[in-house]
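# Understanding the architecture of this molecule
If you want the building blocks of each chain, they are given just below.
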Amino acid sequence: MNTVSSQSILFSLLDKNQEFALDARGTTNHCPMALAALEKMGASDQQLQDFFAFWSQNFALPRIPGNQQKKILSWEESLGCREDFHVLQEYFRSEISLRSAQSIVADVLNSEAFAPATGAFHALIRLAYGLELDHMGEIAAGLAFLICAALPLAPSQDGSANTHVLEKLTVAQSLFLFHQKCRDQSFNAESITARLKLVANDSSFWRTQALIKHGLITENIVDEMAIAAIRLYIQTRNFTVLHMVTSVAALRTLLALVPALNHARIIGSFWLAFCAAYVSVGAPELSQDDVAPADAEYKLDAEKMWQKYLGLALNSNDDHVIKLTYTCWVEDGQRRLPHYLRAMAVLHGE
């Protein structure tokens, strides 16, 4: 593998990234997330600099001067105000310098304003990567993204009036119920965010959600969502499902690094967004798991296979390839499930 980078190079690039707008050409600014994932996978200084140069030339938009003179007294006043991103980021940087990053993150995520689907889950992912690196600017950017572009999911007026509640369903059983109830729904839009908004206006989604919402939150739900997401990605190679995979990993990071979080409430909010994302791609049936469990031979081969896939990611200019590879590598390292190497084979068309 390549010579490992020094974190000073990574941090200098992340600081330069502050010159970019929240939005980019055809997307949002994924550059810092890709840089963080590359560094964690062992990228060299040159690989980090090459990716930053590629993003700068092909996707980055300059920071908009906009509301720089605006004085923010409380982050709540910028909820949903996308033009406040940079001034809100500076507000959070200042607050973090006065308090701890963990306490500020806990305040935001424990609030009613927390909307994990924001930015097609990228706000959550950016925040988690910032916390992993302990980079104040990226923690502030992730928080600012969550607030200024907030995408709350709320039931339509007739969607929550369901007194019959199913108890103790697993994630897989719950997704099958959505498959039965919502598979004929069509949510055609250009972006993940636009499709999520369409789901939020669909009464059948909320009627189904109301059936299961009280009986699901268990100590295993994050692991169950992770396994369901990677199985769905193997089946579908769907771009939205890819974000379900990477965002569950981001949620896990947040729950581990910020001890003051209200886990049940935050997981419940994320579960709602997870279900909406699933329905937005047509609620495909989660087929029987045909991936064999890890055995001794798998474990011997896994390191060699990961060297191959990490090498491909380190030399890629595709930020989603980079982030998915990083997520699968970390998840496989912690749980030793062969699903993650299978997903890499799917990603690369093998």
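Residues numbered from 1 in each chain as written. Predicted model: local features only at pLDDT ≥ 70, side-chain atom pairs only at ≥ 80, totals over all residues. Heavy atoms only, no water.

### Some details on the overall build of the chain
Under the convention used in this document: To qualify as a helix, a DSSP run of H or I must reach at least 4 residues; to qualify as a strand, a run of E must reach at least 2; elements of each kind are numbered from the N terminus. When accessible area is computed with a 1.4 Å probe and restricted to protein chains, residues below 20% of their type maximum are described as buried, those above 50% as exposed, and intermediate ones as partly exposed. The contact criterion used throughout is that any non-hydrogen atoms of two residues lie within 4.5 Å. For accessible areas, the Shrake-Rupley method is used with a probe of radius 1.4 Å. Any residue's cover is judged against the shown protein chains and nothing else.
Across its full length, the chain carries 16 helices and 2 strands. Within the chain, the fraction of its 350 residues that count as buried is 55%. In the chain, of all internal contacts separated by at least 6 residues, the share reaching a separation of at least 24 is 78%. If you sum the accessible surface of the chain, you get close to 15200 Å²; carbon and sulfur atoms cover 50% of it.

### A closer look at the confidence of the model for the chain
Cut-off, in case you're wondering: Residue-level confidence of the predictor is what pLDDT reports, using numbers from 0 through 100.
Averaged over every residue, the pLDDT of the chain is 90; the share at 70 or more is 89%. Across residues 158-163 the pLDDT falls below 50, and counting only partners more than four positions away or on other chains, this stretch makes 11 contacts in the model.

### Details of the packing of aromatic side chains
Convention followed: Any two of the Phe, Tyr and Trp rings considered here, Trp counted by its six-membered ring, make a pair once their centres fall within 6.5 Å; the pair's planes then place it as stacked at under 30 degrees, edge-to-face at over 60, or tilted in between.
What the rule picks out here adds up to 13 aromatic pairs. Centroid distance F51 to F54: 6.5 Å. Interplanar angle 45 degrees. Geometry classified as tilted. Here F51 pairs with F54, and both are found in helix α3 (residues 45-58), just 3 residues apart, close to one helical turn. The class for F51 is buried, based on a relative accessible area of 2%. Under the relative-accessibility criterion, F54 is labelled partly exposed at 23%. A network of ring pairs unites the aromatic residues F51, F54, W55 and F59 as a single cluster.

### A few points about the pattern of salt bridges
The test is simple: Think of a salt bridge as a Lys or Arg side-chain nitrogen and an Asp or Glu carboxyl oxygen that are within 4 Å of each other.
Within the structure shown, the criterion is met by 12 salt bridges. Salt-bridge contacts for R126 lead to E138; the nearest nitrogen and oxygen are separated by 2.7 Å. Highlighted residues: R126 in helix α6 (residues 122-133) and E138 in helix α7 (residues 136-148), separated in sequence by 12 residues. E138 matches R126 in its accessibility class, with the two residues each being buried. Through salt bridges with shared partners, a single ionic network connects D223, R252, E331 and R335.

### A closer look at the packing of helix α1 (residues 7-16) against α3
Put simply, the test is: Axis angles are defined between N-to-C directions and span 0 to 180 degrees, where every axis is a line fitted to C-alpha atoms and, for a helix, only to the segment in contact. Any angle from 65 to 115 degrees is called roughly perpendicular, while one under 35 is roughly parallel, one over 145 is roughly antiparallel, and all others are oblique.
In the contact formed by α1 and α3, the axes pass within 10 Å of each other and the chain directions differ by 10 degrees. As the angle between them shows, α1 and α3 are arranged roughly parallel. Packed against α1, whose contacting residues are I9, L10, L13 and K16, the element α3 presents D45, L48, Q49 and F52 at the interface.

### Quick word on the packing of helix α2 (residues 31-40) against helix α15 (residues 319-335)
To be explicit about the condition: By convention, the crossing between two helices is left-handed when the near helix turns anticlockwise from the far helix through less than a right angle, and right-handed when the turn is clockwise. Three classes are used: nonpolar for Ala, Val, Leu, Ile, Met, Phe, Trp, Tyr, Cys and Pro, charged for Asp, Glu, Lys and Arg, and polar for all others, with Gly counted as polar.
Closest axis-to-axis distance for the α2/α15 pair is 9 Å, and the angle between their directions is 45 degrees. When the axis of α2 is compared with that of α15, the two are oblique. Pair α2 / α15 crosses with left-handed handedness. Mapping the contact onto sequence places M33, A34, A37, L38 and K40 in α2 and D319, I322, K323, Y326 and W329 in α15. Residues belonging to the contact of α2 with α15 are distributed by class as follows: 7 nonpolar, no polar and 3 charged.

### Quick notes on the side chain of H243
As for its placement among the helices and strands, H243 is situated in helix α12 (residues 239-257). Taking relative accessible area as the criterion, H243 reaches 1% and is therefore assigned buried. Apart from the residues lying within four places of it in its own chain, the contact partners of H243 are A120, F121, H122, I192 and H320.

### Re helix α5 (residues 101-109)
For α5, the full list of buried residues reads A101, I104, V105, A106, V108 and L109. Residues of α5 that are buried make contact with α4 (85-98), α6, α7, α12 and α13 (263-280).

### What about the side chain of S78?
This is how it is decided: Two N or O atoms count as a polar contact when they lie within 3.5 Å, although within protein this holds only if one can serve as hydrogen donor and the other as acceptor, and sequence-adjacent residues are included solely when both atoms are side-chain atoms.
Relative to the helices and strands, S78 resides in the loop between α3 and α4. A distance of 2.7 Å separates polar atoms of two side chains, one belonging to S78 and the other to D84. Not counting residues up to four positions away in its chain, the partners in contact with S78 are K70, I72, D84, L88, I147 and C148.

### As for the state of the cysteines
Worth spelling out the cut-off: The disulfide criterion used throughout: a pair of cysteine sulfur atoms within 2.5 Å.
Per the stated rule, a full pass over the model turns up 0 disulfides. Here C148 stays unpaired: no disulfide links it, and the sulfur of C81, its closest cysteine neighbor, is 8.5 Å away.

### Some details on α7
Heads up, the condition is: The span you would expect from a helix comes to 1.5 Å times its residue count less one.
Taking 1.5 Å per residue, 13 residues should reach 18 Å; α7 reaches 18 Å between its end C-alpha atoms and fits that length. G137, E138, I139, A140, A141, G142, L143, A144, F145, L146, I147 and C148 are the residues of α7 that are buried.

### Digging into the environment of T236
Among the structural elements, T236 can be located in helix α11 (residues 221-236). A residue is classified by how much of its surface remains accessible, and T236, at 32% relative accessible area, is partly exposed. Between the C-alpha atoms of T236 and P284, which are 48 residues apart in sequence, the distance is 8.5 Å. Once residues lying within four places of it in the same chain are set aside, the contact partners of T236 are V241 and P284.

### A short note on unusual backbone geometry
Notably, A120 is not glycine yet its phi reads approximately 55 degrees, a positive angle. As for its position among the elements, A120 is in the loop between α5 and α6. At D134, a residue that is not glycine, the phi angle is positive and equals roughly 60 degrees. Within the fold, D134 resides in the loop between α6 and α7. A residue is classified by how much of its surface remains accessible, and D134, at 59% relative accessible area, is exposed.

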